[in-house]
Amino acid sequence: MMPPVESADRPAAGGPGRLGRALMRLLTTHATVVASEPLGARLRLVSLESPAFRGIEWSPGQKIQIAMGSAFAARTYTPIEWSAAVGRTGILGCAHGDGPGSAWVRTVRPGDGCDIFGPRRSLALRHPSGPLAVVGDETSIGLACALMRQDRSRSVSCHFEVDDVGDAGPIMTTLGIDAVTTLYGRRPGDGHLAEMEDGLSALVGTDASFVLTGKAGTIQRLRQSLKRHAVPASRIVAKAYWAPGKTGLD
């Protein structure tokens, strides 16, 4: 998960101080980038390895945070998968804006090192089995991939709002989720959200659970729509990954 819009916060001159370095050693795991593949104009698939990743129990929905030069500045991502045997994980980063997270996604290359917090709990998925409708945006794609790869027999449908449907379509194909994904191109005034509401209404009569992540405003509107259709709260899981002009969400 990575907010598509970031503030252009300025890194501290000279890098982390003594306290920051001590905290980094104490709290983080050092990892090495072993692969970095651009997907479309703003997304990048990054693979990370560390001996410390071996033997770690992980489940879809958990997060890792990558330090951006300081223990006090980090960006949050949702692992797509986790190999405890090899000590490898993969993330899908979104670069949109001028902040340090976007800069890292644009420039990260194999051989680069990074310091990582986690994995830690982020999204409380109370539905380990049964059909799922994963709803969100570019920041939600990693979660959808993780859920599908965890259990390939599970029925998962994906519903994403994106800036460019033409750019996003081939990415869904590369990730192997195109057959179950519906894309909604963003329109001024959030005009596309009515279409998303209509698409989800077709699933209301099923036993599917709805996993809402991404932009806070979109989540709020779609959650209200599901409630108007009498979808019980037990079938809705929501987590805001970002909101325009705000930092600190994950």
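Since this is a predicted model, take the numbers as computed values, not measurements.

Considering helix α3 (residues 141-150)
Among the ten residues that make up α3, eight are buried, leaving the element largely enclosed by the rest of the structure. Among all positions of α3, only I141, G142, L143, A144, C145, A146, L147 and M148 are buried.

Things to note about unusual backbone geometry
G118 connects to P119 through a cis peptide bond whose omega is 15°. Mapped onto the elements, P119 comes out in strand β7 (residues 113-120). For D190, which is not glycine, the phi dihedral falls at a positive 60°. Looking at where D190 falls in the secondary structure, it is placed in the loop between β10 (181-185) and α5 (193-201). The exposure class of D190 is partly exposed, given its relative accessible area of 28%.

Overview of the pattern of salt bridges
For the structure on display, the rule yields eleven salt bridges. Measuring nitrogen to oxygen at the nearest pair gives 2.7 Å for the salt bridge that ties E195 to R187. Exposure remark for E195: the relative accessible area of 39% places this residue in the partly exposed category. Salt bridges linked by common partners bring R42, D137, E138, E161, D163 and R186 together as one network.

Quick look at the sheet that holds strand β9 (residues 156-162)
Ordered in space as β10-β9-β8-β11-β12, the five strands form an open sheet in which the pairing is parallel. Since the sheet does not close on itself, it has two edges, and those belong to β10 and β12 (236-242), each with one partner. Between one strand axis and the next, the sheet turns by 10° as a mean value, whatever way the strands run. On the sheet, α3 packs against β8 (132-136), β9, β11 (209-215) and β12 and is oriented at approximately 170° with respect to β9. Together, β8, β9, β10 and β11 form the strand contacts of α5, whose direction differs from that of β9 by roughly 175°.

Looking at the confidence of the model for the chain
Mean pLDDT over the chain: 88, with 87% of residues reaching 70 or higher. Ranking the helices and strands of the chain by mean pLDDT puts β10 first, with 98, and helix α1 (residues 18-27) last, with 68. Low pLDDT, under 50, characterises residues 3-14; the stretch is placed with 26 contacts to residues that sit more than four places away or in other chains.

Thoughts on the packing of aromatic side chains
Tallied over the full model, the rule gives two aromatic pairs. Note on F53 and W82: the rings are 4.8 Å apart at their centroids and 55° apart in plane angle, and the pair reads as tilted. Remark: W82 occurs in strand β5 (residues 79-83) and F53 occurs in the loop between β2 (43-49) and β3 (63-70); sequence separation between them is 29 residues. The buried category is assigned to F53, whose relative accessible area is 1%. Ring geometry for Y77 against W104: centres 5.9 Å apart, planes inclined by 50°, an arrangement best described as tilted. Here Y77 is found in strand β4 (residues 73-77), whereas its partner W104 is found in helix α2 (residues 100-107), with 27 residues between them in sequence. One exposure class covers both Y77 and W104, and it is buried.

Overview of the pairing of β12
Bridging between β11 and β12 involves six bridges; their strand directions are parallel. Paired with K215 across the bridge in β12 is W242. Handedness of the crossover joining β11 and β12 through helix α6 (residues 216-228): right-handed.

Scoring rules and cut-offs
Residues numbered from 1 in each chain as written. Predicted model: local features only at pLDDT ≥ 70, side-chain atom pairs only at ≥ 80, totals over all residues. Heavy atoms only, no water. Buried < 20%, exposed > 50% of the residue type's maximum accessible area, 1.4 Å probe, protein only. Helix = DSSP H or I, 4+ residues; strand = E, 2+ residues; numbered from the N terminus. Salt bridge = Lys/Arg side-chain N within 4 Å of Asp/Glu carboxyl O. Pairing = 2+ DSSP bridges. Axes fitted to C-alpha atoms, helices over the stretch in contact; angles between N-to-C directions. Contact = heavy atoms within 4.5 Å. pLDDT = per-residue confidence, 0-100. Phe/Tyr/Trp six-rings, centres within 6.5 Å; stacked < 30°, edge-to-face > 60°. Right-handed = clockwise from strand over helix to strand, strands pointing away.

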